[in-house]
Amino acid sequence: MSIQSINPFNQQILEEFETFNDSVIEKCLEKGDRVYDQWKETSFRERAGLMDEAARLLENKKVELARVITLEMGKINKESVAEVEKCAWVCRYYAENAEEFLKDEPLPIEAVDSYIAYDPLGMVLAIMPWNFPFWQVFRFAAPNIMAGNVGLLKHASNVPQCALEIEKIFTEAGFPDGVFQTLLIGSGQVNRIIDDPRLRAVTLTGSEFAGVKVAERAGKNLKKTVLELGGSDPFIVLADADLGKAIQTGVKARMINCGQSCIAAKRFILEEKIAGDFIQGYQDRFRGLIQGDPMDEQTQVAPMARKDLMEDLDQQVEKSVSKGARIEYGGRKSDGEGNFYSPTILAGVHPGMPGFDEELFGPVASMIVAKDAKNAVQMANQSKFGLGSSLWTRDLDKARKLAREIESGSVFVNAMVASHPKVPFGGVKSSGYGRELSHLGIREFMNIKSVWIES
């Protein structure tokens, strides 16, 4: 079995790799288990020095690494550069803060001494997606490696070069051999790794289907999981919002990474007083977007990462239209060699349509009209997903109240949803559980140990 790296812009095969067989996988597990005994004993200072070096390498090699990202999964090159820079940021953040986040916490009880200690668990498997092929990995790896765990990466099958480049960064930074390993394996080989008693935990960012399968297998083995799954994030615009800013940000929030982001705005829930103006302004901005080669600096809309994803998106749009939605703009897939889908506005969207009920993972914006703020929040919550949400209003007291009513892992008021090293990231409902980033993320795969000392 082989893994192919294919350029989404022209369908050219960039490189082909043989998947690891059971013998190679066993050697990786042995290596990770062996190095863990050494790595967990290193000081935070030593770990931080190596993580700072990884950040330096990322910054120094950002141009060549960004090119790999763009050629392999189709992201606009300037977005790829920004992604690599963000990875350096998260490395430095945890290098600077891991020791403070994991220091012993005194417990004010009647014992002579009592405290909470944070101890690493061991080897952690990360199953990561293709849409942010560096960032998704580093936001797992930086905190966990700084915490004393070691990492195994099973990356998406369409970004093998990215996976190998990430391993190379940790190697060149001077981390002990085996602290971070890339496994070139197919999804059918994952269970064998989860079943292995040397593996202690699993984290997955991906589809709801994949999350259920991984959680089920990990549960049978009594292993901790963190799941960051899909989203159909609402972008709620109330009548008193700054409409110009909401439109401008809303286009960016939908189109970043060609709409292929779990936290991209997908359902635009508009108070009826401003719905028409918002849709018109949104369409005006869509008309000016330039679609083309993601390596071209002028390009604003890149191809989708895979042909099958483009076809799936087109079917979701067609099914929504068959149920009563209408295409206000776009709605066309490419017949050429690139996986291009035109920026699309779906209006008249209601529950029961894919445009409302499902995650549209591409450049399609669903426009939904609400009677008032209360109705807008009700429709935002009328979803099995609960990852991120954006709320637009000039009334900040109202925003604070509504933010508590929205069922999601984050609410951004008058801003687009984004991940930030200092902010906990994750979802509720079918968007998963657990948190990444911040002080909470680094504690997910730790043994939170209570120590009680009597005289």
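A short tour of the structure in this document, coming up. Just so you know, these numbers come straight off a predicted model, no measurement behind them.

Reading the values: the criteria
- Residues numbered from 1 in each chain as written.
- Predicted model: local features only at pLDDT ≥ 70, side-chain atom pairs only at ≥ 80, totals over all residues.
- Heavy atoms only, no water.
- Axes fitted to C-alpha atoms, helices over the stretch in contact; angles between N-to-C directions.
- Helix = DSSP H or I, 4+ residues; strand = E, 2+ residues; numbered from the N terminus.
- Parallel < 35°, antiparallel > 145°, perpendicular 65-115°, else oblique.
- Contact = heavy atoms within 4.5 Å.
- Nonpolar A, V, L, I, M, F, W, Y, C, P; charged D, E, K, R; others polar.
- Phe/Tyr/Trp six-rings, centres within 6.5 Å; stacked < 30°, edge-to-face > 60°.
- Patch = residues over 30% accessible without salt bridge, like charges linked within 9 Å, V, L, I, M, F, W, Y side chains within 5 Å.
- Areas by Shrake-Rupley, 256 points an atom, 1.4 Å probe, with all protein chains shown as cover.
- Salt bridge = Lys/Arg side-chain N within 4 Å of Asp/Glu carboxyl O.
- Expected span 1.5 Å × (residues − 1).
- Buried < 20%, exposed > 50% of the residue type's maximum accessible area, 1.4 Å probe, protein only.
- Pairing = 2+ DSSP bridges.

Orientation of helix 2 (residues 44–60) relative to helix 5 (residues 135–146), taken along the N-to-C sense of each, is 155 degrees, at an axis distance of 9 Å. Taken together, the axes of helix 2 and helix 5 are roughly antiparallel relative to one another. In this structure, helix 2 uses F44, R47, A48, M51 and L58 to contact helix 5, whose residues at the interface are F138, A141, A142, I145 and M146. Within the contact of helix 2 with helix 5, the residues separate by chemical class into nine nonpolar, no polar and one charged.

Another aspect to go through is the packing of aromatic side chains. Within this structure, the stated rule accounts for 17 aromatic pairs. Relative to F361, the ring of W130 lies with its centre 5.8 Å away and its plane at 85 degrees, an arrangement referred to as edge-to-face. Here W130, found in the loop between strand 5 (123–127) and helix 5, pairs with F361, found in the loop between helix 12 (354–357) and strand 14 (364–370); they are 231 residues apart in sequence, far enough to count as distant. Both rings, one in F268 and one in F278, keep their centres 6.0 Å apart while their planes meet at 35 degrees; by these two values the pair is tilted. Placement of the pair is F268 in strand 11 (residues 265–271) and F278 in helix 10 (residues 272–287), with a sequence separation of ten residues.

Before going further, it helps to examine a nonpolar patch on the surface. A surface patch of nonpolar side chains, amounting to about 270 Å² of accessible area, comprises L107, I109 and W452. With respect to the helices and strands, the residue I109 is situated in the loop between strand 3 (105–106) and strand 4 (113–120).

It is worth spelling out helix 3 (residues 62–73) at this point. Between its first and last C-alpha atoms helix 3 spans 16 Å; for twelve residues at 1.5 Å apiece the expected length is 16 Å, and the two agree. Among the residues of helix 3, L65, A66, V68, I69, T70, E72 and M73 are the ones counted as buried. In this structure, the buried side of helix 3 is in contact with strand 1 (2–6), strand 2 (13–18), helix 2, helix 4 (77–101) and helix 6 (160–172).

Take the sheet that holds strand 18 (residues 446–453) next. Spatially, the three strands line up as an open sheet ordered 3-4-18, and their pairing is antiparallel. Lying at the two open borders of the sheet, with one neighbouring strand each, are strand 3 and strand 18. As paired strands, strand 4 and strand 18 are joined by eight bridges and run antiparallel to one another. Pairing of A117 across the sheet is with K449, part of strand 18.

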